[in-house]
Amino acid sequence: MDIQRAPYHNTAKLCINSNPLKSSVLHFCTWCITKHCPVVLLCESSLPVLQLRDESGRLSVCSKLCYAIGGAPYQITGSALGFFLQIYLLDVAQLDTFYASIILFVGRAWDAVTDPTVGFLVSRSRWTRCGRMMPWILISTPFAVLTYFLIWYVPSVEQWKVLWYLIFYCLFQSLQTCFHVPYSALTMFISMDQKERDSATAYRMTAEVLGSVVGTAIQGQIVGGAITPCLPGNLEVLDNGNTTLLGSDVNISHISLDETKQAYLIASAVICVIYVLCAAVLFLGVREQEECGRLKTEPMSFFEGMRMVMGYGPYVKLVMGFLFTSLAFMLLEGNFALFISYTMGFRNDFQNILLVIMLSGTLSIPFWQWFLTRFGKKTAVYIGITWAVPFMILIVCIESSLIVAYVVSVAAGVSVAAAFLLPWSMLPDVVDDFKVKNPDSSGHEAIFYSFYVFFTKFASGISLGISTLSLDFAGYVTRGCSQPDAVNLTLKVLVSAAPVVLIFLGLLIFKTYPIDEERRQGNRKLLQAMRDSNQDSDTESTELGSVV
């Protein structure tokens with residue numbers, strides 16, 4: 001490739017040094033860019049630079065793909081922990097049920113608390129040569145990988161097990177937050193154009209749904225044989241808690257505990273490698289833009305930032321609406337496997353049904369991206385979120401049928417894709433609206449995103465608590481091959497009645513959401529005018545700096 005010079009403000013910088021990890025991924029990025037992007041290699045401050053945008057300022061396909069790949073680690077590790085951590089703590093680490101519940105609850109609570117904190121710290125970060133968000137991602141990645149691997153290691157000292165898992169689970173959640181919150185806010189800095197941000201968000205959602213599939217598939221394929229089978233026997237005996245006596249007479253598994261431990265370590269190592277590769281591709285393939293014309297202001301305090309975002313009406317309505325709809329789908333997803341296994345009686349098929357949901361969601365995201373562009377985002381919310389409601393009602397009103405279960409899974413995946421895509425597509429609109437109303441404010445993007453992530457994880461914690469308590473009160477039998485009628489009725493409520501009510505409550509809140517297509521387009525024009533008015537002075541300052 002020819003090395004050329006180009007002005008700094010017309011290029012997309014790519015920080016590359018002699019780091020072996022970056023060099024190993026550079027070949028992939030170079031090949032990808034040469035296939036899809038106009039490439040110009042530059043030298044600015046003795047660093048190589050890649051131009052990842054065409055002359056019109058639009059993001060290239062390569063840049064969108066690299067940005068999307070950066071979102072996969074969060075979903076890969078999240079799906080692996082969500083499906084397998086509880087089983088691992090009980091059956092492999094052999095912790096008491098009470099201590100396992102403490103670890104899971106404290107980890108979720110700590111994870112939720114760290115989001116606003118990290119968002120506040122990111123908002124106060126200074127701009128560096130590689131941007132403001134990217135250093136957080138780079139520094140947190142190796143430590144997050146290490147703590148994730150140690151979660152799946154069983155310490156030899158019995159007395160330290162509870163403390164071991166509690167510390168490393170909370171540490172991983174904190175480091176994952178240091179990766180995910182800046183990555184989420186990065187949406188506002190990869191492009192100043194709303195359409196380009198929406199398009200990049202669609203790429204990202206597709207990659208994240210695929211990440212969920214990959215995480216579930218890797219963990220399931222490697223440790224699937226290590227999952228303890230159900231305990232057959234008298235339900236009354238099991239339900240009264242006398243499982244020790246029954247377990248002593250049943251040959252539970254032919255797989256040794258050491259083999260099971262090794263399988264979990266291998267699976268975690270594979271996921272760690274994927275995590276590092278995805279972070280490297282994100283760093284090498286995406287350039288963070290510093291917004292032109294932004295006024296420098298004094299950094300705000302944490303409580304000022306919280307008061308700012310929670311006092312902004314459109315943001316509160318958006319977050320509350322998606323809080324209810326997210327809670328609905330989390331209840332459905334969290335209990336659908338149990339519903340399929342026990343209420344419908346398809347214990348050997350639930351993995352395939354979950355995979356159908358994820359694949360359906362992945363394939364539906366491009367459709368919803370086209371739909372929201374063609375008909376507007378609020379229309380996409382109403383149609384996309386309510387699409388699964390008839391199927392939720394259908395599955396609990398008919399006799400058990402495997403075909404119906406797969407049909408409902410496909411329909412649920414379509415709605416899950418809409419619920420997954422739309423919040424991240426609409427959040428930039430709220431941030432833009434806030435910029436128009438508060439032109440003197442700066443550095444607030446990470447706060448908006450972190451509080452949304454906080455409320456999403458808060459909804460996840462609520463759904464986990466409601467599900468666990470409801471099933472416990474109904475008499476759920478741990479590792480039982482079948483469940484009492486009260487448990488089956490509870491599962492029907494958790495996957496049908498409760499989600500339907502929550503969806504309609506969320507849609508009622510969306511009726512008051514004020515940012516429609518007309519207002520969104522108006523904000524886009526106003527922001528473009530604000531940038532254009534400051535472009536000349538920014539260009540003169542850049543050229544003067546180059547001369548000096």
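Below you will find a few notes about this structure. (Residues numbered from 1 in each chain as written. Predicted model: local features only at pLDDT ≥ 70, side-chain atom pairs only at ≥ 80, totals over all residues. Heavy atoms only, no water.)

Focus on the overall build of the protein
Consideration 1: For the protein, the helix and strand inventory stands at 20 helices and 2 strands.
Consideration 2: Per-residue burial for the protein yields a buried fraction of 51% across its 548 residues.
Consideration 3: Residue pairs in contact within the protein that sit at least 24 positions apart in sequence constitute 84% of those at least 6 positions apart.
Consideration 4: Accessible surface computed for the protein: about 24700 Å², of which carbon and sulfur atoms make up 63%. (Helix = DSSP H or I, 4+ residues; strand = E, 2+ residues; numbered from the N terminus. Buried < 20%, exposed > 50% of the residue type's maximum accessible area, 1.4 Å probe, protein only. Contact = heavy atoms within 4.5 Å. Areas by Shrake-Rupley, 256 points an atom, 1.4 Å probe, with all protein chains shown as cover.)

Description of helix α5 (residues 134-151)
Consideration 1: With 18 residues, α5 should reach 26 Å at 1.5 Å per residue; the first-to-last C-alpha distance of 26 Å fits that figure.
Consideration 2: Considering bend angle alone, the principal kink of α5 is centred on Thr141 and spans about 35°; proline Pro142 follows within four residues of it.
Consideration 3: Of the residues making up α5, those classed as buried are Met134, Ile137, Ser140, Thr141, Ala144, Val145, Thr147, Tyr148, Leu150 and Ile151. (Expected span 1.5 Å × (residues − 1). Bend = angle between axes of the 7 residues up to and from the residue.)

Focus on the environment of Leu359
Consideration 1: Of note, Leu359 is situated in helix α14 (residues 350-375).
Consideration 2: Take Leu359: its relative accessible area is 39%, and that puts it in the partly exposed class.
Consideration 3: With 153 residues separating them along the chain, Leu359 and Thr206 place their C-alpha atoms 10.0 Å apart.

Observations concerning the packing of aromatic side chains
Consideration 1: Scanning all chains against the criterion turns up 23 aromatic pairs.
Consideration 2: Through a chain of ring-to-ring contacts, three or more aromatic side chains come together here, namely Tyr88, Tyr148, Trp152, Tyr165, Phe172 and Tyr264.
Consideration 3: The ring of Phe375 has Arg374 sitting right over it, with the charged end atom 5.1 Å from the ring centre. (Phe/Tyr/Trp six-rings, centres within 6.5 Å; stacked < 30°, edge-to-face > 60°. Lys NZ or Arg CZ within 6 Å of the ring centre and 35° of its normal.)

Quick look at helix α17 (residues 402-437)
Consideration 1: For α17, which comprises 36 residues, the first-to-last C-alpha distance of 53 Å matches the rise-based estimate of 52 Å (1.5 Å per residue) to within 8%.
Consideration 2: Most of α17 sits out of view: 29 of its 36 residues are buried.

Some details on the packing of helix α15 (residues 377-386) against α17
Consideration 1: Closest axis-to-axis distance for the α15/α17 pair is 9 Å, and the angle between their directions is 160°. Put simply, α15 runs roughly antiparallel to α17. The way α15 lies across α17 gives a crossing that is left-handed. From α15, Lys377, Ala380, Val381, Gly384 and Ile385 reach across to α17, where they touch Ser415, Ala418, Ala419, Leu422, Ser425, Met426 and Asp429. (Axes fitted to C-alpha atoms, helices over the stretch in contact; angles between N-to-C directions. Parallel < 35°, antiparallel > 145°, perpendicular 65-115°, else oblique. Left-handed = near helix turned anticlockwise from the far one by under 90°.)

Considerations on a nonpolar patch on the surface
Consideration 1: Taken together, the side chains of Val157, Trp160, Leu163, Ile167 and Leu171 make up a nonpolar region of the molecular surface, amounting to roughly 450 Å² of accessible area.
Consideration 2: Checked against the element boundaries, Trp160 lands in the loop between α5 and α6 (161-185). (Patch = residues over 30% accessible without salt bridge, like charges linked within 9 Å, V, L, I, M, F, W, Y side chains within 5 Å. Salt bridge = Lys/Arg side-chain N within 4 Å of Asp/Glu carboxyl O.)

Focus: the packing of α5 against α6
Consideration 1: Contact geometry for α5 and α6: axes closest at 8 Å, N-to-C directions at 150°. As summarised for this structure, α5 and α6 are arranged roughly antiparallel, according to the angle between their axes. Both α5 and α6 take part in a crossing whose hand is left-handed. Along its contact with α5, which presents Trp136, Ile137, Ser140, Thr141, Phe143, Ala144, Thr147, Tyr148, Leu150 and Ile151, the element α6 presents Trp164, Tyr165, Phe168, Tyr169, Leu171, Phe172, Leu175, Cys178, Phe179, Pro182 and Tyr183.
Consideration 2: In terms of residue class, the contact of α5 with α6 is built from 18 nonpolar, 3 polar and no charged. (Nonpolar A, V, L, I, M, F, W, Y, C, P; charged D, E, K, R; others polar.)

A closer look at the pattern of salt bridges
Here the idea is simple: oppositely charged side chains can pair when their charged atoms come close.
Consideration 1: Taken as a whole, this structure holds 5 salt bridges when the rule is applied.
Consideration 2: Notably, a salt bridge pairs Arg204 with Glu208, separated by 2.9 Å at the nearest N-O pair. In this pair, Arg204 and Glu208 are both assigned in helix α8 (residues 194-223), 4 residues apart and thus about one turn of the helix distant.
Consideration 3: The class of Arg204 is buried, set by a relative accessible area of 1%.
Consideration 4: Between Asp429 and Lys377 there is a salt bridge, and its shortest N-O distance comes to 2.7 Å. Taken as a pair, Asp429 in helix α17 and Lys377 in helix α15 lie far apart in primary sequence, 52 residues in all. For the pair formed by Asp429 and Lys377, the shared burial category is buried.
Consideration 5: Within the structure, one salt-bridge network assembled from shared partners comprises Asp433, Lys437 and Arg519.

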